[in-house]
Amino acid sequence: MNISVVGLGYVGLIQAAGMAKLGHNVLGSDMDKNKVDKINSKEPPIYENGLKEILQETVPSRFSAYQELKKPFMESDATFICVGTPSKRQGEMSLHQLENVMRQLGELLKEKKYHIFVIKSTVVPGTCENIVIPVVEKASGKKFKKDFSVVMNPEFLREGEALEDFFDPDRIVLGSSDKTALKKIKEIYSPFKCPVLETGFKEAEMIKYASNAFLATKISFINEIGNISKTFGIDTNIVAKGIGMDKRISPHFLKSGIGFGGSCFPKDVNAIVYKATEKGYNPKLLRSVLDVNRDQPLKMIELLDRKEGPIKGKKIGLLGLTFKAGTDDIRESPALVTIKELLMEEAELYIYDPKAMEKTKKLFPHLNYLSSAQEVVDECEAVLILTEWPEFRTLDYGKKLVIDGKNLFFDNHRPENYEGICW
Ligand code: UGA
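Residues numbered from 1 in each chain as written. Predicted model: local features only at pLDDT ≥ 70, side-chain atom pairs only at ≥ 80, totals over all residues. Heavy atoms only, no water.

Take the site of the ligand next. Around the ligand, the structure places 20 residues, and the nearest of them are Glu155, Glu159, Lys208, Asn212 and Cys264. Within the backbone of Glu159, an N or O atom sits 2.7 Å from an oxygen atom of the ligand. Asn212 has a polar side-chain atom sitting 2.7 Å from an oxygen atom of the ligand. Look at the ligand: alone it shows 730 Å² of surface, and the protein chains cover 92% of it. Taken together, the elements giving at least two residues each to the shell around the ligand come down to helix H9 (201-232) and helix H11 (265-278). With three residues, H9 is the single largest residue contributor to the shell around the ligand. Here the residues of the shell around the ligand are counted per class, giving nine nonpolar, three polar and eight charged. When residues of the shell around the ligand are assigned to domains, at least three fall in each of domain 1 (2-199) and domain 2 (233-420). (Near = heavy atom within 4 Å. Polar contact = N/O pair within 3.5 Å; in protein donor to acceptor, adjacent residues only side chain to side chain. Areas by Shrake-Rupley, 256 points an atom, 1.4 Å probe, with all protein chains shown as cover. Helix = DSSP H or I, 4+ residues; strand = E, 2+ residues; numbered from the N terminus. Nonpolar A, V, L, I, M, F, W, Y, C, P; charged D, E, K, R; others polar. Domains from an automatic or database assignment.)

Think of an α-helix as 3.6 residues a turn; residues three or four steps apart then line up on the same face. Within the sequence span of helix H3 (residues 51-58), burial applies to Leu51, Ile54, Leu55 and Thr58. Buried residues in H3, looked at end-on, bunch into an arc of 100°, giving them a common side. (Buried < 20%, exposed > 50% of the residue type's maximum accessible area, 1.4 Å probe, protein only. Arc of directions from axis to C-beta.)

What follows concerns the sheet that holds strand E12 (residues 382-385). On the basis of which strands lie adjacent, the open sheet formed by six strands has the order E11-E10-E9-E12-E13-E14 and parallel pairing. Lying at the two open borders of the sheet, with one neighbouring strand each, are strand E11 (368-369) and strand E14 (418-420). With three bridges connecting them, strand E13 (residues 401-404) and E14 associate as parallel partners. The residue bridging Asp404 from the neighbouring strand is Gly420, located in E14. Most of the contacts of helix H12 (residues 284-308) go to E13, to which it runs at about 160°, and overall it touches strand E9 (315-319), E12, E13 and E14. (Pairing = 2+ DSSP bridges. Contact = heavy atoms within 4.5 Å. Axes fitted to C-alpha atoms, helices over the stretch in contact; angles between N-to-C directions.)

Attention now moves to the packing of aromatic side chains. Counted under the stated rule, the structure contains 13 aromatic pairs. For the pair Phe167 and Phe192, a centre-to-centre distance of 6.5 Å together with 85° between the ring planes defines the contact as edge-to-face. Here the residue Phe167 occupies a position in helix H7 (residues 162-167), and Phe192 occupies one in the loop between helix H8 (179-188) and strand E8 (196-199), the gap between them amounting to 25 residues. A relative accessible area of 29% places Phe167 in the partly exposed class. Exposure remark for Phe192: the relative accessible area of 10% places this residue in the buried category. Taking the centre distance of 6.0 Å and the plane angle of 80° together, the rings of Tyr397 and Phe409 count as edge-to-face. Here Tyr397 is found in the loop between E12 and E13, whereas its partner Phe409 is found in the loop between E13 and E14, with 12 residues between them in sequence. Judged by relative accessible area, Tyr397 falls into the buried class, the value being 4%. Taken together, the aromatic side chains of Phe73, Phe117, Phe144, Phe148 and Phe201 make up a single cluster linked through ring pairs. Note that Arg171 overlies the ring of Phe156, its terminal NZ or CZ placed 3.6 Å from the centroid. (Phe/Tyr/Trp six-rings, centres within 6.5 Å; stacked < 30°, edge-to-face > 60°. Lys NZ or Arg CZ within 6 Å of the ring centre and 35° of its normal.)

Where burial is concerned, most of strand E6 (residues 148-152) is hidden: five out of the five residues are buried. Here E6 shows no split at all, with Phe148, Val150 and Met152 on one side and Ser149 and Val151 on the other all buried. Here strand E5 (residues 115-119) pairs with E6 via five bridges, running parallel. The residue of E6 that forms the bridge with His115 is Phe148. In this fold, the crossover linking E5 to E6 by way of helix H6 (residues 127-140) has right-handed handedness. (Right-handed = clockwise from strand over helix to strand, strands pointing away.)

All right, on to the domain arrangement of the protein then. If you check the domain split of the protein, you get domain 1 (2-199) and domain 2 (233-420). Distance from the C-alpha centre of domain 1 to the C-alpha centre of domain 2: 33 Å. At the interface, 17 residues of domain 1 touch 17 residues of domain 2. Together, Tyr10, Tyr47 and Glu159 form the three largest contributors to the area buried by domain 1 at its contact with domain 2, with a combined 40%. (Buried area = accessible area lost by both parts, 1.4 Å probe.)

This part takes up the side chain of Lys314. Considering the arrangement of structural elements, one finds Lys314 in the loop between H12 and E9. Summary of buried charges: Lys314 has no salt-bridge partner, and the nearest side chain of opposite charge, Glu308, is 4.6 Å away. Engagement of the side chain of Lys314 in a polar contact is seen with the backbone oxygen of Pro310, the distance being 3.0 Å. Dropping the residues within four chain positions of it, Lys314 is found in contact with Glu308, Gly309, Ala347, Glu348 and Glu381. (Lys, Arg positive; Asp, Glu negative; His and termini not counted. Salt bridge = Lys/Arg side-chain N within 4 Å of Asp/Glu carboxyl O.)

What follows covers the state of the cysteines. Covalent bonding between the sulfur atoms of two cysteines defines a disulfide. A full pass over the atoms with the stated rule returns zero disulfides. Here Cys82 is not cross-linked by a disulfide; its sulfur's nearest cysteine counterpart is in Cys264, at 13 Å. (Disulfide = S-S within 2.5 Å.)

This part takes up the packing of H9 against H11. Close contact between H9 and H11 brings their axes to 9 Å; oriented N to C, the two are set at 115°. One way to sum up the angle between H9 and H11 is to call them roughly perpendicular. Here the hand of the crossing between H9 and H11 comes out left-handed. Every residue of H11 that contacts H9 at Met206, Lys208, Tyr209, Asn212, Ala213, Leu215, Ala216 and Ile219 is listed here: Phe265, Asp268, Val269, Ala271 and Ile272. Per-class residue counts for the contact of H9 with H11 are 10 nonpolar, one polar and two charged. (Parallel < 35°, antiparallel > 145°, perpendicular 65-115°, else oblique. Left-handed = near helix turned anticlockwise from the far one by under 90°.)

Glancing now at the environment of Thr322. Inspection of the secondary structure puts Thr322 in the loop between E9 and helix H13 (334-344). Residues Thr322 and Ala356, spaced 34 residues apart in sequence, show a C-alpha to C-alpha distance of 6.4 Å. Setting aside anything within four residues of it in sequence, one finds Thr322 in contact with Thr327, Asp328, Asp329, Ile330, Ser333, Asp353, Ala356, Leu386, Thr387 and Trp389.

Right, dumping it as structure tokens:
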């Protein structure tokens, strides 16, 4: 099948590379010239395990990238829409990019007989029916189901393991009121053994939010249990192990720590809270999930304050900047909150991360970025572990105070002067 993908960020690029690997002919489109050039020279613009190998194999024979929308759209049968839906100030989702792209594709549709649009971007319930379809109909003068179709196909990829998740998904969700289009898109995923759930538009849109909201709730739950356990001197990891043995609970997503970050959980929970409120429902549980998460990085600073006395003027080392290991993504990373708080307390900060120093320098240009984790440990009076990079396990911490927000030493020898956030 000839497929185009609009938006070659974390989601679009994995979708594009994955489909090319499956044997489809993929034409990607992105406004960012740098990204397009990198992809066409087989260089991944983001760090993602296994991506480089797929680009080496599929570019240019089955995958190429363009800075324009027209060629990829005209030469394909279906377009996967993977543009960002970032948060506005109140948590509301911005549909600016999506509407803009759909309008342009609608214009181009005037010159085509039929096309399928697959929405991968995370959008609140009602978006496909109330925005995507009307925008395309207006721009093209054509009719949904007759001249074009729309399918909502939410993504469930974890950064760092995105290709693994792409090729071995737990489920595929396809939402549409158009059975013919559903059948066509189902074919793309036919090599996968997982169940395919066909739903309406709104249900597919909601499944994505409910999945992320549930996982975020599980994390805030274990962090709250962790904060309580800590007051009793209990190691929360043992508690998590004990409750995770119950099949109904499962051991996954029960790691307590400095809270969830990334481009998805904070944004998606905020967006559904905003939308629910707009609809007249007060989502108390989800608001608390966000509250617990907002305060969690501050627990590290409280611990530091308790153990080291006044933080002002102290040399504090921060190990890790990304929101989790295996990615170079610092969006909504608890490490950034920690930096801001420590700067307010006038600490002197020394920093190392194997993947995200350049990105962080753009936000905080005046901190001390050192070239290795060991240098940070050697330079500072106390060290905070903010990302679970494996290399931080084997450093020589000596007698330095180590406060761990990521449970790096659970199955490992802990440093001599060690304290965990919830253990
Ligand atoms: C998440 C979901 O896991 C994906 O299914 C979804 O597709 C994606 O969001 C999205 O909406 O696009 P991701 O943000 O890449 O994926 O990262 P996760 O591995 O889920 O971790 C999110 C955050 O939760 C990280 O900060 C991680 O450290 C934290 N976390 C995770 C915990 O604090 N404890 C846990 O037990 C698990």
